[in-house]
Each structure stands twice: as C-alpha cells, then as structure tokens.
Amino acid sequence: MNFIIYINEEFEDEKALFDLDENKVLLQGDQYHNGIGSRIAGYLEALDDFNVYSDGADKEWINKDHEHFKLVGFYSE
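Here's a quick rundown of the structure. (Residues numbered from 1 in each chain as written. Predicted model: local features only at pLDDT ≥ 70, side-chain atom pairs only at ≥ 80, totals over all residues. Heavy atoms only, no water.)

1. Observations concerning the sheet that holds strand E2 (residues 14-19)
- Taken in spatial order, the 4 strands line up as E3-E2-E1-E4 in an open sheet, and their pairing is mixed. Two strands close off the open sheet at either side, each with one partner strand: strand E3 (24-30) and strand E4 (58-62). Strand after strand, the sheet turns through a mean of 25° between neighbouring axes, direction not considered.
- Where E2 lies against E3, 6 bridges are found, and the strand directions are antiparallel. Bridging from a neighbouring strand, leucine 17 pairs with leucine 27 of E3. (Pairing = 2+ DSSP bridges. Helix = DSSP H or I, 4+ residues; strand = E, 2+ residues; numbered from the N terminus. Axes fitted to C-alpha atoms, helices over the stretch in contact; angles between N-to-C directions.)

And the structure:
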C-alpha cells in the first residue's frame, strides 16, 4: 500500500485519499459536505489500529494538469 492525500489547488477544501499502487481513489470529498479531513484521518487510523498499514500519507497539492486530477474527480473551473 502506498497512499497519498491529494488536495485540489483550485478548491483547497477538496481532498482525496489515493492508493498509488492500485491507481484508485479510496475516499474523495470536501470538508464542508463530507468532513473529508476527518474521514481520511479515521481511515488511516483504522488501518494502523489493525496493523494493516502504518506509514501515513504524504500530501500533494494538484491542479487540472496533474495526471490523476480527472481520475480523482476534483472540481475545476
């Protein structure tokens, strides 16, 4: 498992937890509607609690030019 937290440069409240190994989105949303920060933290904490994964996740700010931007489903003007 190799996770990263993507943050939308155009709308910083929008985040996604992305699995780089599987090339897929695990969680995606924004802070206001989904409380995404807490959901991502809880997901990673649960994996750590069950000794499944404990490396955390780096954060990366991305824009519409990033290869995973559309895959993640972020909002763009």
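The rest of the description comes next.
2. Some points on the side chain of aspartate 19
- Checked against the element boundaries, aspartate 19 lands in strand E2.
- Lysine 24 is the oppositely charged side chain nearest to the buried, salt-bridge-free aspartate 19, at an N-O distance of 6.0 Å.
- At 3.2 Å, the side chain of aspartate 19 and the backbone nitrogen of glutamate 22 are in polar contact.
- Those residues within four positions of aspartate 19 in sequence are excluded, and the remaining contacts are Asn2, Phe3, Lys24 and Leu26. (Buried < 20%, exposed > 50% of the residue type's maximum accessible area, 1.4 Å probe, protein only. Lys, Arg positive; Asp, Glu negative; His and termini not counted. Salt bridge = Lys/Arg side-chain N within 4 Å of Asp/Glu carboxyl O. Polar contact = N/O pair within 3.5 Å; in protein donor to acceptor, adjacent residues only side chain to side chain. Contact = heavy atoms within 4.5 Å.)

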